[in-house]
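Structural characterization, general
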Amino acid sequence: FVLISYYLRNHGFRAPEVFAHDTAAGFALIEDFGDQREIARQIEAGRVDERAAYTAAAGLLAELHAKPAPDVLARGAEQWPILDFDRLALASNADLYADWLRAERGGGPLEGAERREWESVRDDLIAQALAFPRTFTLRDYHAENLLWLDGGQIGLLDFQDAVRGWDAWDMAMLTQDSRRAVSAEAAEAAIRTYLDGTGKTREDFDRRLAVIGALNALRIAGVFARLQHRDGKPRY
């Protein structure tokens, strides 16, 4: 968290300032952005226009993804590798769907022929994803982790799991949010803002968004089912 915050702030993004930290003890003293500033809550309260918030968030991503994805972040003697979102991580994430979603109807994990069919479909999606170009991916980029700060700046939280992933992962998290219904108008405005800011083509981006968005949706469905049925957290 600390090293990624330094990286983001050094590139002009509004991550919390880290005033002091002790890595060995697991403590950090960080800037407080204030209460109830999440974009999701601001939209609900009518304090910010949904389209404006989503285009601002997409514009930030366009700036971030234009920068080369770092391999290692360092400050003083401390280092943190930015790992590739690899085949194993994609497969284990997607398998949460096969292992847990049927628990919603009292069932168990996919097995036998159903499991083999699942793995074939999963592996095809992963093969496509691994062929896409990489970028620095914040990974959990959605309206409850983005804060609407004074002057319309976007404050960033929950970026400690950043990886060398894909542009479409962050954009899927933003525009295909599992926690709130993003309007079609806001999602389309965000995508157009992102493409205008990066110069990427719509056809290629839509393909990446379809593949990565599917893998991400499978992960989320499985994670939320597991949270409910294994961990006793039905609020999700």
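Here is a short report on the structure shown in this document. Just so it is clear, the structure is predicted and the values come from calculations on it, not from any experiment.

Definitions and cut-offs
Residues numbered from 1 in each chain as written. Predicted model: local features only at pLDDT ≥ 70, side-chain atom pairs only at ≥ 80, totals over all residues. Heavy atoms only, no water. Helix = DSSP H or I, 4+ residues; strand = E, 2+ residues; numbered from the N terminus. Buried < 20%, exposed > 50% of the residue type's maximum accessible area, 1.4 Å probe, protein only. Pairing = 2+ DSSP bridges. Salt bridge = Lys/Arg side-chain N within 4 Å of Asp/Glu carboxyl O.

We now examine unusual backbone geometry. With a phi angle near 85°, Arg-139 is a residue other than glycine that sits in the positive phi range. If you trace the backbone, Arg-139 turns up in the loop between β5 (135-137) and β6 (146-148). Arg-139 gets classed as partly exposed once you look at its relative accessible area, which sits at 24%. A positive phi angle, close to 60°, is found at Asp-158, a residue other than glycine. Considering the arrangement of structural elements, one finds Asp-158 in the loop between β7 (154-156) and β8 (163-165).

Attention now moves to the pairing of strand β2 (residues 27-30). Sheet topology note: the strand β1 (residues 18-22)/β2 ladder contains four bridges and is antiparallel. If you follow His-21 over to β2, its bridge partner there is Ala-28. Between β1 and β2, which pair antiparallel one after the other, the connecting turn spans four residues, and Gly-26 there sits at a positive phi close to 80°.

Between side chains of opposite charge, a pair can form as their charged atoms come close. As enumerated under the stated definition, the model contains 22 salt bridges in all. When the shortest N-O distance is used, the salt bridge between Arg-192 and Glu-188 registers 2.7 Å. Of the two residues, Arg-192 and Glu-188 both sit in helix α7 (residues 184-198), four residues apart, roughly one turn of that helix. Owing to a relative accessible area of 26%, Glu-188 belongs among the partly exposed residues under this scheme. As a salt-bridge pair, Arg-202 and Glu-188 come within 2.9 Å of each other at their nearest N and O atoms. Of this pair, Arg-202 sits in helix α8 (residues 202-229) while Glu-188 sits in helix α7, placing them 14 residues apart in sequence. On the basis of relative accessible area, Arg-202 is assigned to the partly exposed category, the value being 30%.

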